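# Descriptive analysis of the structure
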Amino acid sequence: MLFMVEMDVNVPLDTDQERFAALKQAEKERFQELQRAGTWRHIWRVVGHYSNVSIFDVADNAALHDILTALPLYPFMNIRVTALCRHPSSIHDDDR
Ligand SMILES: O=C(O)CC1=CCC(=O)O1
């Protein structure tokens, strides 16, 4: 199942910078692992924001919930999830 996931990262001014840098590195490693697995299919930066728009390919809603809530930066994120399905005019075979 495909989902569009919009993530906004909010970093309070009093956040410990060293701790945040470690979480950012852990997030990057988990992100790259999920990309290699084909789970986190796409990511784009939202221009002018500490936000991204991503496409996830997961078995079901619960799987996506588990992945998102375990992300290292999850405590700093506001997340919106939109379920997607194949557009009838798409020429891409992997849009499902
Ligand atoms: O930078 C972000 O938008 C948050 C994030 C998601 C994957 C990653 O490496 O950073």
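Cut-offs used in this document
- Residues numbered from 1 in each chain as written.
- Predicted model: local features only at pLDDT ≥ 70, side-chain atom pairs only at ≥ 80, totals over all residues.
- Heavy atoms only, no water.
- UniProt positions renumbered as here; feature names shortened; annotations may be inferred.
- Helix = DSSP H or I, 4+ residues; strand = E, 2+ residues; numbered from the N terminus.
- Phe/Tyr/Trp six-rings, centres within 6.5 Å; stacked < 30°, edge-to-face > 60°.
- Buried < 20%, exposed > 50% of the residue type's maximum accessible area, 1.4 Å probe, protein only.

Per an unreviewed UniProt entry, the recorded name for the protein is Muconolactone Delta-isomerase, and the organism is Sphingomonas vulcanisoli. Looking at the Subunit (unreviewed entry) heading of the UniProt record, one finds this comment for the protein: "Homodecamer."

### A look at the UniProt feature "domain: Muconolactone isomerase" (unreviewed entry) in the protein
In the UniProt entry, the feature "domain: Muconolactone isomerase" (unreviewed entry) is given for residues 1-89. Annotation note: span residues 1-89, helix share 33%, strand share 33%, distance between end C-alpha atoms 18 Å.

### Here we look at the packing of aromatic side chains
Within the structure shown, the criterion is met by 3 aromatic pairs. A ring pair is formed by Phe20 and Phe76, whose centres lie 5.1 Å apart and whose planes are at 75 degrees; its orientation type is edge-to-face. Placement of Phe20 in helix α1 (residues 17-36) and of Phe76 in the loop between α2 (61-69) and β4 (77-84) is noted, with a sequence separation of 56 residues between them. Here Phe20 matches Phe76 in class, with each residue buried. Here Trp40 and Phe56 contribute two aromatic rings whose centre-to-centre distance is 4.5 Å and whose plane-to-plane angle is 35 degrees, an arrangement assigned as tilted. Placement of Trp40 in strand β2 (residues 40-45) and of Phe56 in strand β3 (residues 51-57) is noted, with a sequence separation of 16 residues between them. In this structure Trp40 comes out as buried when scored by relative accessible area, which is 2%. Taken together, the ring pairs connect Phe31, Trp40 and Phe56 into an aromatic cluster.

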